[in-house]
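Remarks on the overall topology
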Amino acid sequence: MSKDKNKTDMADAQLDRLMGLYEVPELDADAFNQKLFSRLGQDGAGATNSDNQHIMIWSRPWRFAAFTVVVLLSAGLLFSKDDFEKRDAGQIQTASVSIGVEKTVVPAGNEITDVDRFLNEIIDQDIAVLEYSVAMNTGPEKESATSQEEDQDMPPIDSFLDELLGIESRTL
Amino acid sequence: MPTAPTKARSSKKGAAEPENPVRLSDQPPTPTDQDLMLRIAQQKDQDAFATLVNRYRHKLFATCYRMLGQQAEAEEAVQDSFLKLWNYAKSWDAEKASLNTWLYTITGNTCRDVLRKRKAILVEHDDNRESELPGGQEVVEQKEQARLVKKAINELPERQREALVLSYYQGLSHKEIGAIMGSSPKSIEGLIARARTDLKQQLSFLSEAL
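Note that the coordinates shown come from a computational prediction; the quantities given were computed from them, not determined experimentally.

On to the overall build of chain B. For chain B, the count of helices and strands is 11 helices and zero strands. Start at the N end of chain B and walk to the C end: the helices and strands fall as α-α-α-α-α-α-α-α-α-α-α. Taken across its 210 residues, chain B has 41% of its residues classed as buried. Nonlocal contacts in chain B, meaning residues at least 24 apart in sequence, comprise 63% of its contacts between residues at least 6 apart.

Following this line, the structure appears as C-alpha cells:
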C-alpha cells in the first residue's frame, strides 16, 4: 500500500516537474499597452471583438445585401397595402358610365381644385356629346356616312352645348 | 519631488526644518483595485485603467497563453478582457467577488470564446497527435519535453485545463476557482484530479527520461 502511495507521489512530482517546463513567452508590455489604448481610443467605448459581433452584419456584404432586400420588400408591402387601403376608403374612385366612358369622381371629403373642375366639365361634355349621339341614333361610325340632309336636320352641336352648359362654357 | 525619511530628518536636532516638510505619510497610498475601478466606472479614468492593466497584464496573459497555447491569441484575449473591464466596470460588485476573481472570470469566458471559434482547427490538429509523439524509450530534450507538456495541456478538456491552469500556475484555491468557473470547490477538485490523471497518461512515456 505504502509502495503504491510512494509510486503515486513520485508520479505527481514528475508531473509537477514536467508542468514546470511549460513556460510563458515574454510579453512586450509597451506594445501591448499601445495597442490596447489605441483600441480604447479608436471606438471611444472600446468595443471588444465579441462586442463587434453585434455589428458584424454591416461588415459582411452578403448579410448587408440580404438585410437590404428584406427592408425593401417590407417597405414595398407596406406601400402596396397602404394603396389598397386608400382605394378601399374611396379616395380614388372610378365610375363607369353605361355608354363606356369612365368618369373620375373626386370624393366629397377632398378639396376640389380648379383643375379637377375643368377635367370634370370636359368629361361631362364628352358624356353629353355621346348621350346626344345615342339619342339621335347616330354613332361615331355613322357620322362618316351621314348625308347632307341629315346634317342639316341635326341641330348644331354648339347650340346644344350652349343650352346644356351655358354660353360661358365656350370660354373654358 | 525627492523625499527623505522622516526619521533621518528628525534626528538632526537644531537643523533648519523646511517650511513644508514632506513626510512619508504624505505620499499617496497605492490605490486599491476598488479605488481604481471606481474611477474607471465613474470618470472613465484612463490612468486608473493603465494602473490596473499593469497590475494584471502578466497574470492574465500567462493564464490565456496556457489556455490557448498561442501567443497572439492570448494577447488578443487579454486585450479583449481589459476592454470588457473598461466597458463594464460599473457592473463589478466588490462585495460579490474580488477584482482578481472577476477578471479571471472575464478572461476565462474570453478564452472559451476563442476556443469555440477555432474548434475545427483543433480537430485537424488532433489527427497529427499520434505521429508527433515519440516512443516511450526515446530520450527527448527539455525543450521538446516542454513542447509536449504544452501540447498535452492544450488537449485537455476546456474546463479541466482552466481549473488546472488556475490552480497550478496561478496558485488559486479551489474556492476561488469555483467562484471563477461557477462550480463548487469539490467539483473543481475533481476537475483538477482528472486533468492530472489525463496528463500522467499522456506524458507517461516521458517518465523514463526524467
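Turning to the pattern of salt bridges, a few remarks are in order. Scanning all chains against the criterion turns up 12 salt bridges over all chains. Measuring nitrogen to oxygen at the nearest pair gives 2.9 Å for the salt bridge that ties R196(B) to D16(A). With R196(B) in helix α11 (residues 185-202) and D16(A) in helix α1 (residues 2-20), this pair bridges two chains. R196(B) sits in the buried class, given a relative accessible area of 16%. Overall, D16(A) belongs to the partly exposed group, its relative accessible area being 29%.

Together, V115(A), F118(A), L119(A) and I122(A) line one region of the surface with nonpolar side chains, adding up to about 340 Å² of accessible area. With respect to the helices and strands, the residue I122(A) is situated in helix α6 (residues 114-135).

Interfaces are often sized by the accessible area lost when the parts come together. With 34 residues of chain A at the interface, the matching set in chain B holds 42 residues. For the pair chain A and chain B, the two sides together bury roughly 3,600 Å², of which 63% comes from carbon and sulfur. Applying the counting rule to chain A against chain B returns six salt bridges. Close ionic contact of E76(B) with K35(A) constitutes a salt bridge, the shortest N to O distance being 3.1 Å.

This part takes up the packing of aromatic side chains. Throughout the structure, instances matching the rule amount to eight aromatic pairs over all chains. On the basis of an interplanar angle of 90 degrees and a centroid distance of 6.4 Å, the ring pair of F49(B) and F82(B) is categorised as edge-to-face. Of the two residues, F49(B) sits in helix α3 (residues 46-68) while F82(B) sits in helix α4 (residues 71-87), which places them 33 residues apart along the sequence. Like F49(B), the residue F82(B) is buried in the burial classification. Sitting above the plane of the Y22(A) ring, R66(B) keeps its charged end 5.6 Å from the centroid. Across the ring face of Y169(B), the terminal group of R66(B) is positioned such that the distance to the ring centre comes to 3.6 Å.

Bringing the packing of α6(A) against helix α9 (residues 157-165) of chain A into the picture now. All names here are of chain A. Relative to each other, α6 and α9 sit at 120 degrees, their axes nearing to 11 Å. If you check the angle between α6 and α9, you find them oblique. The way α6 lies across α9 gives a crossing that is right-handed. Of the residues in α9, those in contact with Q125, A128, V129 and Y132 of α6 are I157, F160, L164 and L165. Split by residue class, the contact of α6 with α9 holds seven nonpolar, one polar and no charged.

Let us now look at the side chain of R112(B). Residues and elements named next belong to chain B. Its location among the elements puts R112 in helix α5 (residues 99-117). A relative accessible area of 15% means that R112 is categorised as buried. The contacts of R112, once residues within four sequence positions are left out, are E158 and E162.

Right, let's talk about the packing of α4(B) against α5(B) for a bit. Residues and elements named next belong to chain B. In the contact formed by α4 and α5, the axes pass within 9 Å of each other and the chain directions differ by 130 degrees. The orientation of α4 relative to α5 falls into the category oblique. Remark: the crossing between α4 and α5 carries right-handed chirality. Contact residues: E73, A77, D80, S81, K84 and L85 in α4; L99, W102, L103, I106, T107, T110, C111, D113 and V114 in α5.

All names here are of chain B. All chains considered together, the criterion is met by two cavities of 30 Å³ or more. Considered as a void within the structure, the second largest cavity measures approximately 30 Å³ in volume. Every residue lining the second largest cavity is listed: T63, M67, Y104, T107, G108, E162 and L166. Of all elements in the fold, only α3, α5 and α9 (158-169) reach the threshold of two or more residues within the lining of the second largest cavity. A total of three residues in the lining of the second largest cavity trace back to one element, the largest contributor, which is α5.

About the cut-offs
Residues numbered from 1 in each chain as written. Chains lettered and ligands numbered in written order. Predicted model: local features only at pLDDT ≥ 70, side-chain atom pairs only at ≥ 80, totals over all residues. Heavy atoms only, no water. Helix = DSSP H or I, 4+ residues; strand = E, 2+ residues; numbered from the N terminus. Buried < 20%, exposed > 50% of the residue type's maximum accessible area, 1.4 Å probe, protein only. Contact = heavy atoms within 4.5 Å. Salt bridge = Lys/Arg side-chain N within 4 Å of Asp/Glu carboxyl O. Patch = residues over 30% accessible without salt bridge, like charges linked within 9 Å, V, L, I, M, F, W, Y side chains within 5 Å. Areas by Shrake-Rupley, 256 points an atom, 1.4 Å probe, with all protein chains shown as cover. Buried area = accessible area lost by both parts, 1.4 Å probe. Phe/Tyr/Trp six-rings, centres within 6.5 Å; stacked < 30°, edge-to-face > 60°. Lys NZ or Arg CZ within 6 Å of the ring centre and 35° of its normal. Axes fitted to C-alpha atoms, helices over the stretch in contact; angles between N-to-C directions. Parallel < 35°, antiparallel > 145°, perpendicular 65-115°, else oblique. Left-handed = near helix turned anticlockwise from the far one by under 90°. Nonpolar A, V, L, I, M, F, W, Y, C, P; charged D, E, K, R; others polar. 1 Å grid on protein atoms, 1.4 Å probe; cavity = no way out; pocket = protein on both sides within 12 Å on 5 of 7 lines; lining within 4 Å. Points joined across faces, edges and corners; volume = space filled by probe spheres on them.

By themselves, these are just geometric observations and shouldn't be taken as functional.
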